Amino acid sequence: NAGVTQTPKFQVLKTGQSMTLQCAQDMNHNSMYWYRQDPGMGLRLIYYSASEGTTDKGEVPNGYNVSRLNKREFSLRLESAAPSQTSVYFCASSEPKGGGYNSPLHFGNGTRLTVT
Amino acid sequence: KQEVTQIPAALSVPEGENLVLNCSFTDSAIYNLQWFRQDPGKGLTSLLLIQSSQREQTSGRLNASLDKSSGRSTLYIAASQPGDSATYLCAVMNRDDKIIFGKGTRLHILP
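Residues numbered from 1 in each chain as written. Chains lettered and ligands numbered in written order. Predicted model: local features only at pLDDT ≥ 70, side-chain atom pairs only at ≥ 80, totals over all residues. Heavy atoms only, no water.

A. Focus on the interface of chain A and chain B. At the junction of the two partners, chain A supplies 24 residues and chain B supplies 22 residues. Taking both partners together, chain A and chain B bury about 1900 Å²; carbon and sulfur atoms supply 58% of that area. Of all residues in chain A, A:Leu43, A:Tyr101 and A:Leu105 bury the most surface against chain B, accounting for 29% of the area lost on that side. Taken together, the connections running from chain A to chain B amount to zero salt bridges. The set of elements that each furnish at least two residues to the side of chain A that touches chain B consists of strand E4 (31-37) and strand E5 (43-49) of chain A. (Contact = heavy atoms within 4.5 Å. Buried area = accessible area lost by both parts, 1.4 Å probe. Salt bridge = Lys/Arg side-chain N within 4 Å of Asp/Glu carboxyl O. Helix = DSSP H or I, 4+ residues; strand = E, 2+ residues; numbered from the N terminus.)

Rendered as structure tokens:
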């Protein structure tokens, strides 16, 4: 019962470097989400994918790209990291799109990213 | 644009007291509202989910209510315990499947 798995758990980047955060879920969920959490800011939605093959911008998409590789996997890419992207990143998944709107959001354990 | 507000930002209460956390949202066209708990340095755990057609949900000492027309939800915690200390977040699912969070309420239960 892995649920939502995120890798890596920790990462330090230098300004301008690129990296991809990986997320996979084993619950056969349709919807997947990427959030960032900063002190005092709650969780802010970066991108989401309502179903396999679709992606949409959230509240703070600038500087990020995503790929819904298949139903299980949803990756987040930073093409040129900036110090403002230092944050904790959470991936989450849920059932909607025909599965009913009574499915709670399941979270991974997060990736702590520092950009120097 | 959906905006979710949680008041207060922080709350301290003595052990054993009942308490209420508040959540408000600006766009009432939602599919559901969820309450989460987050312990320091950890991920989020779902506590309760209320569908738009429902008025409340209960789980143990927790009761969440939803008044969609007024854009408000409350989380009631009965007989608080030190183990309830955490940050509590509410989130709404919009009709476009976006899930938007409030900034949370940091709860501290005093032994």
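B. Looking closely at the packing of aromatic side chains. On inspection of all chains with the given rule, the structure shows nine aromatic pairs over all chains. An angle of 20 degrees between the planes, with centres 6.2 Å apart, marks the rings of A:Tyr33 and A:Tyr35 as stacked. The exposure classification of A:Tyr33 matches that of A:Tyr35, with both residues buried. Centroid distance A:Tyr33 to A:Tyr48: 6.0 Å. Interplanar angle 10 degrees. Geometry classified as stacked. Pair noted here: A:Tyr33 is in strand E4 and A:Tyr48 is in strand E5, with a separation of 15 residues, a long-range link. An identical accessibility class is assigned to A:Tyr33 and A:Tyr48; each is buried. Here the aromatic residues A:Tyr33, A:Tyr35, A:Tyr48, A:Phe90, A:Phe107, B:Phe36 and B:Phe101 are joined through ring pairs into a cluster of three or more. (Phe/Tyr/Trp six-rings, centres within 6.5 Å; stacked < 30°, edge-to-face > 60°. Buried < 20%, exposed > 50% of the residue type's maximum accessible area, 1.4 Å probe, protein only.)

C. The pattern of salt bridges, seen in detail. Tallied over the full model, the rule gives five salt bridges over all chains. The shortest N-O distance in the salt bridge between B:Asp84 and B:Arg61 comes to 2.9 Å. Note that B:Asp84 is positioned in the loop between strand E8 (72-77) and strand E9 (86-94) and B:Arg61 in the loop between strand E6 (56-59) and strand E7 (62-67), a separation of 23 residues in sequence. Shared partners join several salt bridges into a network, and the residues in it are A:Arg36, A:Asp38 and A:Arg44.

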